[in-house]
Amino acid sequence: MEVRTTRFGSIQVNADDLIRFPEGLPGFADCHDWVLLADGKNAALAWLQSVERPDVAFAVVSPRRFVAGYRLHVARQELEPLRFDDLRSARVLAIVGRNSRSITLNLKAPVILNLERGLGRQVIANGEWSVQHELQTSVATRKKIA
Amino acid sequence: MLVLSRQRDESIIIGDNIVVTIVDIRGDKVRLGIQAPTEIPVHRREVFEAIQRENMQASRVQPNELGELKQIPPAPGLPKTR
């Protein structure tokens, strides 16, 4: 099937690549079908693209690639709708944002995928994680701040 | 808005399957117990709204705004290839 996107043009995907978010995501309750696209230019990056809305896509990364010590703790009922047979197959992704200073990760509300069942959900993590965790870009910016 | 008075251990029921119980009252803090089907998300409102706002912003990020991501070093402690 063809997925239309404003960022990447039209993309061919298999119907079984679709990931269903039964509740949508906060702010996007009407977006239920998504597809995960690898970014051709940056191996650390992927895009969670809405099938229903060509203009809606989230850049996502594996949070532990960027944030040492990020361990996700969520209430059991947050994961129940994802119907995992084995929790080890859970994919945890952080949505990438931007504020005026830097690239940010939403560590408070990561996206969890069960790719075997084609299900996804944005959950709320326990603990004091930020929805805008700022990433330090390079040694140069770090020096500037110091 | 409907306003109801309740005491500790009393409940209200919403529809036929959502039960909200006053578990404890201490000073200006009330602890609520919420029983709802798993398909009904229950969140602290301010947390949910912060996530909603952040999602709205993040959904507009374009690929050309994320070039710097490549320059971000891996988290310390991550095993490295040579």
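Described in the following lines is the structure provided in the data block. (Residues numbered from 1 in each chain as written. Chains lettered and ligands numbered in written order. Predicted model: local features only at pLDDT ≥ 70, side-chain atom pairs only at ≥ 80, totals over all residues.)

Some points on the overall build of chain A
Phase 1 of the analysis: Counting secondary structure elements, chain A contains three helices and 10 strands.
Phase 2 of the analysis: Along chain A, from the amino end to the carboxyl end, the secondary structure elements read β-β-β-β-β-β-α-α-β-β-β-β-α.
Phase 3 of the analysis: The C-alpha atoms of chain A give a radius of gyration of 16 Å, which matches the 15 Å a tight globule of 146 residues would have.
Phase 4 of the analysis: With respect to the three principal axes, the spread of C-alpha positions in chain A is 50 × 40 × 25 Å.
Phase 5 of the analysis: Within chain A, buried positions represent 33% of all 146 residues.
Phase 6 of the analysis: Contacts in chain A between residues at least 24 apart in sequence constitute 47% of all its contacts with a sequence separation of at least 6. (Helix = DSSP H or I, 4+ residues; strand = E, 2+ residues; numbered from the N terminus. Rg over C-alpha atoms; globule rule 2.2 N^0.38 Å. Buried ≥ 20, exposed ≤ 12 C-beta atoms within 10 Å, placed from the backbone. Contact = placed C-beta atoms within 7 Å.)

Some thoughts on the overall build of chain B
Phase 1 of the analysis: A count of helices and strands for chain B gives one helix and three strands.
Phase 2 of the analysis: Along chain B, helices (α) and strands (β) appear in the sequence β-β-β-α when read from the amino end.
Phase 3 of the analysis: Its C-alpha radius of gyration of 22 Å places chain B more than 25% over the 12 Å reference for a compact globule of 82 residues.
Phase 4 of the analysis: Principal-axis analysis of the C-alpha atoms places the extent of chain B at approximately 65 × 30 × 25 Å.
Phase 5 of the analysis: Taking all 82 residues of chain B together, 7% fall into the buried category.
Phase 6 of the analysis: Of all intrachain contacts in chain B linking residues separated by at least 6 positions in sequence, the fraction that spans at least 24 positions is 0%.

Examining the sheet that holds strand β3 (residues 29–35) of chain B
Across a sheet, paired strands are connected by hydrogen bonds in the backbone, their directions being either parallel or antiparallel.
All names here are of chain B.
Phase 1 of the analysis: Reading across from one edge, β1-β2-β3 is the order of the three strands in this open sheet, with antiparallel pairing throughout. Only two strands of the sheet have a single neighbouring strand rather than two, namely β1 (11–14) and β3. Taking each pair of neighbouring strands and ignoring which way they run, the sheet shows an average axis angle of 25°.
Phase 2 of the analysis: Relative to β3, strand β2 (residues 18–26) runs antiparallel, the two sharing seven bridges. By the bridge assignment for β3, Ile-22 is matched with Leu-32. (Pairing = 2+ DSSP bridges. Axes fitted to C-alpha atoms, helices over the stretch in contact; angles between N-to-C directions.)

Some remarks on the environment of Leu-37 of chain A
Phase 1 of the analysis: Mapping Leu-37 of chain A onto the fold places it in strand β4 (residues 33–38).
Phase 2 of the analysis: It is 24 Å that separates the C-alpha atoms of Leu-37 of chain A and Asp-86 of chain A, two residues lying 49 residues apart in sequence.

Considerations on the interface of chain A and chain B
Phase 1 of the analysis: Counting from both sides, the interface comprises 36 residues of chain A and, opposite them, 29 residues of chain B.
Phase 2 of the analysis: The set of elements that each furnish at least two residues to the side of chain A that touches chain B consists of β6 (57–61), α1 (63–66), β7 (91–98) and β8 (103–114) of chain A.
Phase 3 of the analysis: Broken down by class, the residue content of the side of chain A that touches chain B amounts to 21 nonpolar, eight polar and seven charged. (Nonpolar A, V, L, I, M, F, W, Y, C, P; charged D, E, K, R; others polar.)

Considering helix α1 (residues 45–58) of chain B
Phase 1 of the analysis: End to end, α1 of chain B covers 20 Å across 14 residues, agreeing with the expected 20 Å (1.5 Å per residue, within 8%).
Phase 2 of the analysis: Of the surrounding secondary structure, the elements contacted by the buried residues of α1 of chain B are β6, β7 and β8 of chain A. (Expected span 1.5 Å × (residues − 1).)

Observations regarding the environment of Leu-119 of chain A
Residues and elements named next belong to chain A.
Phase 1 of the analysis: Looking at the secondary structure, you find Leu-119 in strand β9 (residues 119–122).
Phase 2 of the analysis: With 17 C-beta atoms counted inside 10 Å, the residue Leu-119 sits in the partly exposed group.
Phase 3 of the analysis: Through-space distance from the C-alpha of Leu-119 to that of His-32 is 9.9 Å; in sequence the pair is 87 residues apart.
Phase 4 of the analysis: Setting aside residues up to four positions removed in sequence, Leu-119 forms contacts with Ile-19, Arg-20, Leu-82, Arg-83 and Asn-114.

A look at the pairing of β2 of chain B
Residues and elements named next belong to chain B.
Phase 1 of the analysis: In this structure, β1 lies alongside β2, joined through four bridges in antiparallel fashion. What sits directly across from Ile-13, in β2, is Val-19.
Phase 2 of the analysis: Between β1 and β2, which pair antiparallel and follow one another directly, the connecting turn spans three residues, one of which, Gly-15, has a positive phi of 60°.

Here's the deal with the environment of Ser-100 of chain A
Phase 1 of the analysis: Relative to the helices and strands, Ser-100 of chain A is located in the loop between β7 and β8.
Phase 2 of the analysis: Placed 12 residues apart in sequence, Ser-100 of chain A and Arg-88 of chain A show a C-alpha to C-alpha distance of 36 Å.

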